[in-house]
Amino acid sequence: MSKNSAVQKRHSVLAADGTRVAGVQSRMEEEFLLEALGWMMKSRLYDQRVIALQRQGQFGVYSPGMGQEASIIGSAMAVDPARDWMVPQYRELMATVHHGLPLEVISAQYLGKIGPARIPEGVKVLPSQVSIAAQLPHATGLAWGLRLRGEDAVVLTYIGEGGSSEGDFHEALNLAGVTQAPVVFFLQNNQWAISTSRRVQSATPSFSLRAAGYGFEGIEVDGNDVMAVYDVVVTAVERARAGGGPTLIEAVTYRMSFHNTTDNPSLYRDPAEYQEALRRDPIERVQKYLAGLGLWDQGREANLTDELRHEIDSALEAAVAAPLPGPSDLFDNIYAHPPERVLRQRAELLDGQV
Ligand SMILES: Cc1ncc(C[n+]2csc(CCOP(=O)(O)OP(=O)(O)O)c2C)c(N)n1
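Now for a quick tour of the structure. (Residues numbered from 1 in each chain as written. Predicted model: local features only at pLDDT ≥ 70, side-chain atom pairs only at ≥ 80, totals over all residues. Heavy atoms only, no water.)

**Quick look at the layout of surface pockets**
Leftover empty space is mapped by rolling, across the atoms, a probe with the size of a water molecule.
Reasoning step 1: In this structure, the largest pocket spans a volume of roughly 520 Å³.
Reasoning step 2: Around the largest pocket, the lining is made up of 27 residues, and of these Gln89, Tyr90, Gln109, Tyr110 and Ser128 lie nearest the centre.
Reasoning step 3: For the lining of the largest pocket, the secondary-structure elements that each account for two or more residues are α3 (93-98) and α4 (103-110).
Reasoning step 4: Tallying contributions element by element places α4 first for the lining of the largest pocket, with four residues.
Reasoning step 5: Looking at the second largest pocket, its volume works out to about 320 Å³.
Reasoning step 6: Lining the second largest pocket are Ile114, Gly115, Arg118, Ile119, Pro120, Glu121, Gly122, Val123, Asp329, Asp332, Asn333 and Ile334.
Reasoning step 7: Looking at the lining of the second largest pocket residue by residue, the class counts come to five nonpolar, three polar and four charged.
Reasoning step 8: Two domains each provide a minimum of three residues to the lining of the second largest pocket, namely domain 1 (10-323) and domain 2 (327-354). (1 Å grid on protein atoms, 1.4 Å probe; cavity = no way out; pocket = protein on both sides within 12 Å on 5 of 7 lines; lining within 4 Å. Points joined across faces, edges and corners; volume = space filled by probe spheres on them. Helix = DSSP H or I, 4+ residues; strand = E, 2+ residues; numbered from the N terminus. Nonpolar A, V, L, I, M, F, W, Y, C, P; charged D, E, K, R; others polar. Domains from an automatic or database assignment.)

Next up, the structure:
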């Protein structure tokens, strides 16, 4: 965790076989860990369900979070939805649900239902971002603005290791360091940027080391260990809230599925690498640990899976029932004060005069 060392220690609480790392305490214990497991399972079940729907032509192009559930949920649980902001990329969908964005609203977005996909008032989540790294300057600006207003809020933003090669990454982290903005940059190193391997993405031994160049703390964590992820993010959030400035966290994880539903990883990924990733599954790890404590068994798993499937189906049914966009949706919610030219185009289209 030192700022200048070229060798970065990786924080870890729960080993891949579900045993505790000796001598390491965690702030995420039993009941809270069970809650985290439920969210991780929901993330995976939703991925599986909507991939099946996409294959049937009933859902839009989708980027699953499979394999990254510990990073997605452990980080989300470390911020307060009532006051903190989340600035996502596109793969941490269930983190935004944890932060208050209803699953049916997200599902409506993938069905092209523009109105029902609007982020509800009071939900402190920015729209998901597909232009790589473009969310980061927004995150820094938002955090700096909150600080200037005297609010005690923190911004948690997400980026992939591929996104860290973009200019926006440098600009956002540099400004955050200079302004001491209360922002946590959560970099999910899932080893692949579509078909570009981490090996050719950067020569740095750890993406977290880059923080030193911006004058703040960089931490590397086992991104498949939900307890460790929660611990490092909650510490970074507390520091930011107390005026201690930004943190860059690298969560070392693995993208167990494809980049998105248009991708085929078997064209570029070694099958042995995938087999090794299965051994490090973030969900099974927690289940094994909790089973060892007598808090998890097949019966509990079956009951929770049923409950979560029902919740997911209800959200999807609501999204399917939501109205399709009409021509006015092309214009609505774009400008606070639409220019005359846009108002004229709207009137022409709606009156059928084009
Ligand atoms: C500015 C920009 N360049 C290229 C793309 C195409 N693109 C989409 S996802 C992606 C890879 C991103 O990889 P990474 O940042 O590691 O995130 P991951 O998808 O693995 O979560 C690329 C190159 C884009 N969307 N935006």
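That covers the picture; the talk isn't over yet.
**Some words on the site of the ligand**
Reasoning step 1: The environment of the ligand is formed by 16 residues, the closest being Tyr90, Arg91, Val130, Gly163 and Trp192.
Reasoning step 2: Contacts to the ligand include Tyr90, whose side-chain N or O atom sits 2.5 Å from an oxygen atom.
Reasoning step 3: Note that a nitrogen atom of the ligand is positioned 2.9 Å from one of the backbone N or O atoms of Val130.
Reasoning step 4: Considering only residue class, the shell around the ligand consists of six nonpolar, seven polar and three charged. (Near = heavy atom within 4 Å. Polar contact = N/O pair within 3.5 Å; in protein donor to acceptor, adjacent residues only side chain to side chain.)

**Describing the pairing of strand β4 (residues 183-189)**
Along any regular strand the residues' side chains alternate between the sheet's two faces.
Reasoning step 1: When you tally the buried positions in β4, you get seven out of seven residues, the bulk of the element.
Reasoning step 2: Strand direction decides the pairing type here: strand β3 (residues 155-160) and β4, joined by six bridges, are parallel. Across the sheet, Val155 pairs through a bridge with Val183, a residue of β4.
Reasoning step 3: Once the chain exits β3 it traverses helix α6 (residues 167-179) before rejoining the sheet at β4, and the crossover so formed is right-handed.
Reasoning step 4: Where β4 meets strand β8 (residues 247-252), six bridges bridge the pair, whose relative direction is parallel. (Buried < 20%, exposed > 50% of the residue type's maximum accessible area, 1.4 Å probe, protein only. Pairing = 2+ DSSP bridges. Right-handed = clockwise from strand over helix to strand, strands pointing away.)

**Observations regarding the side chain of Thr261**
Reasoning step 1: Along the chain, the position of Thr261 falls in the loop between β8 and α8 (271-279).
Reasoning step 2: Beyond its immediate stretch of four places on either side in the chain, Thr261 contacts Ile51, Gln54, Arg55, Gly60, Val61 and Tyr62. (Contact = heavy atoms within 4.5 Å.)

**Topic: the side chain of Ser202**
Reasoning step 1: Relative to the elements of secondary structure, Ser202 occurs in the loop between β6 (196-197) and β7 (217-222).
Reasoning step 2: For Ser202, the side chain forms a polar contact with the main-chain nitrogen of Thr204, separated by 3.0 Å.
Reasoning step 3: Contacts of Ser202, omitting those with residues within four sequence positions, involve Phe207 and Arg210.

**What to know about α4**
Reasoning step 1: In terms of burial, α4 is largely enclosed, as six of its eight residues are buried.
Reasoning step 2: Along its buried surface, α4 packs onto α1 (30-55), α3 and α10 (298-321).

Shape is all these values report; function is a separate question.
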